[in-house]
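Residues per chain are reported as follows:
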2 protein chains.
Amino acid sequence: MSERSSQINGLAHPARWHLAVPFTAVELQDGLWAPRQKAVRERTVPFLYAQYEKNGLFEALDVDSPPGPLRIPFNGRPNTAVMYWDSDIAKWIETASYTLATHYDPALDARIDDLVARIAKAQRPDGYFNTYFIRREPAKRWTNLRDWHELYCAGHMIEAAVAHAQATGKQDLIEVVRRYADYIATIFGPGPNQRRGYCGHPEIELALVKLYRLTGARSYLDLAKFFVDERGRQPHYFDQEAIARSEDPAAQYYGTYEYSQSHTPVREQREVVGHAVRAMYLYSAMADLAGEFDDVSLMAACKALWADVTTKRLYVTGGLGPSERNEGFTADYDLPNETAYAETCAAVGMIFWAHRMLLVERDARYADIMELALYNGALSGLSLDGERFFYDNPLASRGGHRRWTWHRCPCCPPNIGRLVASLGQYVYSTGPDEAAVHLYIASNARLSVGGVNVSLQQKTQYPWKGEIEILVEPEKTVEFALRLRVPAWCRSASLAINGTKFDIEATMDRGYAHIKRRWQKGDEVKLSLDMPAERVYANPEVLADVGRVVLKRGPIIYCLEGADNDAPTHRIALPKSNPIEAHFERNLLSGVGMLTAEAVVVQSWEGGELYRTDPPTMERTTLRAIPYSFWSNRDSEEMSVWIREV
Amino acid sequence: MSERSSQINGLAHPARWHLAVPFTAVELQDGLWAPRQKAVRERTVPFLYAQYEKNGLFEALDVDSPPGPLRIPFNGRPNTAVMYWDSDIAKWIETASYTLATHYDPALDARIDDLVARIAKAQRPDGYFNTYFIRREPAKRWTNLRDWHELYCAGHMIEAAVAHAQATGKQDLIEVVRRYADYIATIFGPGPNQRRGYCGHPEIELALVKLYRLTGARSYLDLAKFFVDERGRQPHYFDQEAIARSEDPAAQYYGTYEYSQSHTPVREQREVVGHAVRAMYLYSAMADLAGEFDDVSLMAACKALWADVTTKRLYVTGGLGPSERNEGFTADYDLPNETAYAETCAAVGMIFWAHRMLLVERDARYADIMELALYNGALSGLSLDGERFFYDNPLASRGGHRRWTWHRCPCCPPNIGRLVASLGQYVYSTGPDEAAVHLYIASNARLSVGGVNVSLQQKTQYPWKGEIEILVEPEKTVEFALRLRVPAWCRSASLAINGTKFDIEATMDRGYAHIKRRWQKGDEVKLSLDMPAERVYANPEVLADVGRVVLKRGPIIYCLEGADNDAPTHRIALPKSNPIEAHFERNLLSGVGMLTAEAVVVQSWEGGELYRTDPPTMERTTLRAIPYSFWSNRDSEEMSVWIREV
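These numbers come from a predicted model, not from an experiment. Residue positions are counted from 1 within each chain, in the order its sequence is given. All chains are assigned letters beginning with A, and all ligands numbers beginning with 1, in the order in which they are written. Whole-chain, interface and lining totals are the exception, using all residues; otherwise, since this is a predicted model, local features are given only for residues with pLDDT of at least 70 and side-chain atom pairs are given and counted only at 80 or more. For side-chain calculations, the full set of non-hydrogen atoms in the structure is used, while hydrogens and water are omitted.

**Describing the side chain of Ser383(A)**
Residues and elements named next belong to chain A. Starting at the N terminus, helices and strands are each numbered in turn, a helix being any DSSP run of H or I of at least four residues and a strand any DSSP run of E of at least two. With respect to the helices, strands and loops of the structure, Ser383 is situated in the loop between helix H13 (364-378) and strand E3 (396-397). Only 3.3 Å separates the side chain of Ser383 from the backbone nitrogen of Glu387, close enough to count as a polar contact. Any two residues whose heavy atoms approach within 4.5 Å are treated as being in contact. Excluding its chain neighbours within four sequence positions, the residues that come into contact with Ser383 are Arg36, Arg388, Arg403 and Asn633. Nitrogen and oxygen atoms within 3.5 Å of one another constitute a polar contact, given that in protein one can donate a hydrogen and the other can accept it, and given that sequence-neighbouring residues count only through two side-chain atoms.

In structure tokens form, the structure reads like this:
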């Protein structure tokens, strides 16, 4: 492990905001997450490789062989998933690279090298790299940024290269993407012979910021800023581009530029709209750039969008984008449960955005949402065994919704994979004279504060228990502030340092206990977060949830699953005053916190009428709830997050 | 008015079952329906004509002029709505013809004649008539029965011709469709040089039965039977046809032959599946043929399908087919409210099927569902002014769902139009020695029982009041049984004949009071149906409706609409024991029965959080409900059918 990337290339540590402690410097220990990381490393990575091979994704890298028939036809859509296969390969490389940082595997390293070599070989002399256009449509390069994901694919390859370089120190993929990014910077820009375009699917913007931070080359940051600044300006690039293709600009598949958040310049955007993943990736880049450029108007837009999504358009799981139609947002408070689309990638994107807002603003409310999405709406996308995936994450099911092993648009598996594999980087961050703990995850971390190397050992059974021990081991005694997040869901927290009680309330700053002291080897911080099971209610504007309640404990949203309950879950109702009990089930789902309560259940009817005038009767039952993200790991299929309260 | 069509062409009146008293012999009087018929006649018919003209439908009849660009592109679908424009024109002719029977309008008559002349001119010498294939794809005639609606269009033109002939006595359109049907009978059939095909969208089958009943030509009945009998047989015609097109039979757009109810031979079908309108049209033809051929196995399938839909897959409104994806059925008890597709055409088709089951079986349970769909799920498709239409009929809305004036697939407006315009034919039927009243609608009817002409005058304010007076006026004194339906929702009915109480219970037969007597001029029957406002509950298997209640009075399903209530409708809850009051509002929505009750409403939150741990509070309110089919006639947009019960 090394903390290389937090101080690479001599970039000054920004005074105003934090840098994440990189995944290379954090090793997860036992608990909920380490086994999930292990599953990604040992199962998801080889499983996806095999799936890609079987489905022809890697074959697409052989750009000089004839393309053969298109595996996934257009089917009336403006694009085919084949157009973004590069991004899936990139996300696999990114995920696999993360795993190498903490668990080196020479065979996997060689496998990545092989792919990188094939990518380098396919790259055109001018730097261009996109297997679809090189092989199938060379004349159509850069002719439809709106629909064809060309820069999006470039962005993912850049992210893969950055991860690969950080994890292995190897520069070969970085060289490929730098050549490509340099070439892109000649095509796109404000110059007279350049195109003022940007991608329909944001992604390259945040990737270019990463490339800048790795390499220190300012041109990548400027290109990211250019793409973000151009977005939604008039005359609209997608209009002009459509006219150049002799197409009617109005005849676009999705009907509105809101779909790609290009309906208006980004600084004027105040409402989260359109395709949810595109939105999250765009806002992530906006947060990055707002930090890098201290850009007040860009941050104002980010904050307004944040307020909009968190007060009107976010599922209680941290999932978002309720509609399958546009894979995205609809209207305020439109949060249906059974038909919730809530794409895994969107929750992952929410985490990306929240993480960036957190680093710039150092405000725990961003960490609260990051944690919510992480434990619930994102994690639900991945099975316990690491080989099955959800694309959409409904909050209620009568059955028929199971994780799949393959999807024609396989974006979600490597997205949740790369998130889990790189989870270390979301736990800690550092500022010039402080370190922050955002997530309570058993782990060892090496970081640098004020030029002094500090090791943190975090011991906890969080999220099942609220007690956290942090052993602080500076190389030498050093003064800095340790910021410990007190989650918004926690109503009572206590803290002791080396056995002495510490007054949390007096030092609370934007959701963090702020412990400024001279730290020495062996200092031990004990944080205790009161973590009762609670009932959560939705704003009455949310039609689907009126009269319903969610069970929550700590960061975990619970659900009723058929396997644990004697009655169909949608018929179970919870009386208003019944207490909720929490316990840990060692032998269930690899060990899981459960909630139980005395409840009632609507009885089946005698006879088969569909409607009748006398009401059904109720009987007593015991309700058993498991974490939402653990559902669909058994044969049962029924599931309810929102429980009727009676 | 004449009763011509009940005894046309010397076809023997079947002893086993009833014939409808035709629309030509029934005139609706004041009440709910006569103004709706007037709106269809005076508004819908000219409005749709203008819309068709504007959108190029009539222009498509000019098959010898160059076609120009396709108005509605394929957009990845296997067909374009342009392929079924003939059916929309046909349904317009059918609707317009019905109106002529009771309200002759020479200008409209001439307008129909003009269209008929254009159709006759476009017909090919061999009898073929389909504007799309004649004009655009002459080489593709009969090459894709699965997707291209070719026989479906023929079916609608046949229905139009039958209505036109019945209403006006004119034979010119009948001549066109007879030539076409005769030609079709040469192409399709069991012979060695014939095709054993049938249409992906059932429709021609029921139309051919109508053509047979009008003309007495048995070949049409046999062709209908052939199409029904072939459906779903192996080797599968749609497979063979796809192979002939060099296509993979498995690569069909809708994934399964259940979509077109051709997954298995019809006599083996026991579960309603697939596209709901296709299902209803198919089952209608099956019921017709089961009656005509006394076909026990076909009727057994009809009854099993009927039991399936009415106990597992029917909305409380009589609407059906919950999913937009396949415009049809999904799983048992899957009846979501806000996303209910419940296409207007499907509820209209349900009425077609129920009516045919009723005539063959003479059992009031079919009339009960027919009435339910008529007053609720079908009528909701049409605005009070006759110029706006719903395609899908959700049972809850937060706004944004309004009737439109035009749709790219404009099937619903003329479908609800032809139903309302021909509503007279659903009210009465006759058997050899009996007459039945199925619906209570103020009307005058002329019918023939046992060879004697009988006039019936029905006076009632139903569905707002439960009292019905029927004046029986036989040409001469004659013995027959008058069957009066006692709806299943009615728990107490009383009857008096010429002021003398008649014991209903003693004569009840399959849901009808059975009054056998010698009727003479001036006999007066008074039926009184107890019609309290009631609460209706859904089977607890229906996830969406657990803990909820519907308000119903007589055949009318009520809903809460924003315009009548002080609070957002989804926040209103009805305490279990509060009484429901009914009254008539003369000045609202052209006069409408309303229900009111004391209720509670969940209060808005102070502050804008989306989720919190303390529950919202409730306050008292008065709930005001209007009939579901009357919603969306004002600016308000919120609507709820299923009300939370607390």
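Next, the rest of the story.
**Describing the sheet that holds strand E12 (residues 512-519) of chain A**
Residue and element names in this part refer to chain A. Judged by pairing direction, the sheet is mixed, and its 5 strands sit side by side in the order E1-E4-E5-E9-E12 without closing on themselves. Pairing within the sheet leaves two strands with one partner each, and these edge strands are strand E1 (19-20) and E12. Docked against the sheet, H13 engages strand E9 (478-485) and E12, running at close to 55° with respect to E9. Any two strands are treated as partners once DSSP identifies two or more bridges connecting them. To obtain an axis, a line is fitted to C-alpha atoms, over the contacting stretch when the element is a helix, and the angle between two such axes runs from 0 to 180 degrees between their N-to-C directions.

**Regarding the state of the cysteines**
Residues and elements named next belong to chain B. Cysteine sulfurs are considered disulfide-paired once they come within 2.5 Å of each other. Inspection of every chain in the model, using the stated rule, returns 0 disulfides over all chains. As a non-bridged cysteine, Cys199 has Cys153 as the owner of its nearest cysteine sulfur, 8.0 Å distant. Relative accessibility decides the category of a residue: with a 1.4 Å probe and only protein chains considered, values under 20% of the type maximum give buried, values over 50% give exposed, and everything between is partly exposed. Its relative accessible area of 1% is what places Cys199 among the buried residues. Among the cysteines around Cys559, which has no disulfide bond, Cys412 carries the closest sulfur, lying 19 Å off.

**Describing the sheet that holds strand E7 (residues 452-460) of chain A**
Residues and elements named next belong to chain A. The 7 strands lie next to each other as E2-E6-E7-E8-E13-E10-E11, forming an open sheet whose pairing is antiparallel. Every other strand in the sheet has two partners, leaving strand E2 (26-28) and strand E11 (500-502) as the edge strands with one partner each. Across the sheet, the axes of successive neighbouring strands diverge by a mean angle of 25°, strand direction being ignored. In this sheet, E11 lies alongside strand E10 (residues 493-497) in antiparallel orientation, the contact comprising 3 bridges. Bridged to Ala496 within E11 is Lys501.

**Re the pairing of strand E6 (residues 443-449) of chain A**
Residue and element names in this part refer to chain A. Of all 7 residues in E6, 5 are buried; the element is thus mostly enclosed. Bridge analysis of E2 against E6 gives 3 bridges, and the strand direction is antiparallel. Of the residues in E6, the one forming a bridge with Glu27 is Asn444. Counting the residues in the hairpin turn of E6 and E7 gives 2 residues, including Gly450, whose phi is positive at 55°.

**Side note on the relation of the copies chain A and chain B**
When the copies are overlaid, the least-squares fit takes in C-alpha atoms only where the residue has pLDDT of at least 70 in both copies. For the pair chain A and chain B, the superposition axis carries a translation of 0.1 Å, the fit reaches an RMSD of 0.0 Å, and the rotation angle comes to 180°. Taken together, the rotation angle and the small translation identify this as a two-fold axis. Every residue of chain A has its C-alpha some distance from the rotation axis, and the shortest such distance is that of Gly76(A), at 1.6 Å.

**A closer look at unusual backbone geometry**
Each neighbour pair has its own omega, and for Tyr462(A) with Pro463(A) the value is 5°, a cis peptide bond. Within the element layout of this structure, Pro463(A) appears in the loop between E7 and strand E8 (467-474).

**As for the interface of chain A and chain B**
Listed per partner, the contact involves 48 residues of chain A and 48 residues of chain B. In this description, buried area is defined as the sum, over both parts, of the accessible area (probe of 1.4 Å) that is lost when the two are combined. Surface buried jointly by chain A and chain B totals about 4,000 Å² across both partners, of which 55% is contributed by carbon and sulfur atoms. Counting the surface chain A buries against chain B, the share from its top three residues, Leu543(A), Leu610(A) and Tyr611(A), is 19%. Any carboxyl oxygen of Asp or Glu within 4 Å of a side-chain nitrogen of Lys or Arg constitutes a salt bridge here. Applying the counting criterion to the chain A and chain B interface returns 6 salt bridges. In this assembly, chain A and chain B are joined by 22 residue pairs in polar contact (both at pLDDT 80 or more). Broken down by secondary-structure element, the contributors of at least two residues to the side of chain A that touches chain B are helix H11 (296-312), strand E14 (533-538) and strand E20 (611-612) of chain A. With 5 residues, E14(A) is the single largest residue contributor to the side of chain A that touches chain B. Residue polarity follows a fixed list, in which Ala, Val, Leu, Ile, Met, Phe, Trp, Tyr, Cys and Pro are nonpolar, Asp, Glu, Lys and Arg are charged, and the others, Gly among them, are polar. Residue composition of the side of chain A that touches chain B, by class: 20 nonpolar, 11 polar and 17 charged. Looking at chain direction, E14(A) and strand E20 (residues 611-612) of chain B are connected through 2 bridges and run antiparallel. The residue of E20(B) that forms the bridge with Tyr537(A) is Arg612(B).

**Considering the environment of Ile351(A)**
The residue Ile351(A) is located in helix H12 (residues 344-361) in this model. Setting aside chain neighbours within four positions, we find Ile351(A) in contact with Met370(A), Ala373(A), Leu374(A), Ala378(A), Leu419(A) and Tyr426(A).

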